[in-house]
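# Structural overview
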Amino acid sequence: MSDRTVVLRIKRQERPGSAPYWQEFEVPLQPAMNVIAALQAARKLARTRDGKTVDPVTWESNCLEEVCGACTMIVNGKVRQACSALVEHLPQPVTLEPMTKFPVVRDLCVDRSSMFENLKKVKAWIPIDGTYDIGPGPRMGDDEAQEGYILSRCMSCGCCVEVCPQVNDRSDFMGPAVMSQVVLFNSHPTGRLNRHERLDAVMGPGGIQDCGKAQNCVRACPKEIPLTESLVRLARESTLHALRDLLRK
């Protein structure tokens, strides 16, 4: 076991709506230790740095490969995935906080259900009846497939929502990730069949018009998705959609 240690300074909260507080934990530093491993060591210890026995810290994680998005938290002031944050590369104490744009469930665990509800609002899926075999889907060109793959890497982690100044208590903006998913499904050969429904959705409350073009999202995205390109593209498509609707009247 290493004789080196790492200090975790964690912002904790007992339940939704309760007052937050800080606690520090000191755990042995292991080779290639990430923040999740450090949290597991703190949970096993169940004792603060000053020797007080406490309830285990709560957080979320799943894949540990920066794919699921579950372990998003604020690490030393920057929103990121805890599984890919190596402790050796972080200044101590390592400060861990829950995201601020989602309701806190407990400690570092937040409720991201608003993101998924917003995906429902924009119909971010390709409807398939499922009652019979409809055969193979339409072919996609290599360039089109590659563009779609890049956008499909979104894991709804919430990093872009956390840094977006337009996502706040005074705005209904659904966030950059949702807007980019509209572009993804509208660019799919089958998804285009419901393109107008999605454009109608993003032209309503909380839609593309609420984007302030701050560009924080593209810098925060752990998957390097070109979110600003999606936002510009969606704004253009929404404008053309509105003009077509106006000319039809």
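Residues numbered from 1 in each chain as written. Predicted model: local features only at pLDDT ≥ 70, side-chain atom pairs only at ≥ 80, totals over all residues. Heavy atoms only, no water.

## Some thoughts on the pattern of salt bridges
- Counting across every chain of the model gives 11 salt bridges.
- One salt bridge in this structure joins Arg106 and Glu14, with 3.3 Å as the shortest N-O distance. With a gap of 92 residues between them, Arg106 in strand β6 (residues 104-106) and Glu14 in the loop between β1 (5-12) and β2 (21-28) connect regions that are remote in the sequence.
- You can call Arg106 partly exposed: its relative accessible area is 22%.
- Arg49 is the salt-bridge partner of Glu26, the closest N and O atoms lying 3.5 Å from each other. (Salt bridge = Lys/Arg side-chain N within 4 Å of Asp/Glu carboxyl O. Helix = DSSP H or I, 4+ residues; strand = E, 2+ residues; numbered from the N terminus. Buried < 20%, exposed > 50% of the residue type's maximum accessible area, 1.4 Å probe, protein only.)

## What to know about the packing of helix α5 (residues 176-187) against helix α6 (residues 195-202)
- α6 packs onto α5 with a crossing angle of 165° between their chain directions and a minimal axis gap of 10 Å. Considered as vectors, α5 and α6 are oriented roughly antiparallel to each other. Between α5 and α6 the crossing geometry is left-handed. Where α5 abuts α6, its residues Met179, Val182, Phe185 and Asn186 lie against Arg195, Arg198, Leu199 and Val202. (Axes fitted to C-alpha atoms, helices over the stretch in contact; angles between N-to-C directions. Parallel < 35°, antiparallel > 145°, perpendicular 65-115°, else oblique. Left-handed = near helix turned anticlockwise from the far one by under 90°. Contact = heavy atoms within 4.5 Å.)

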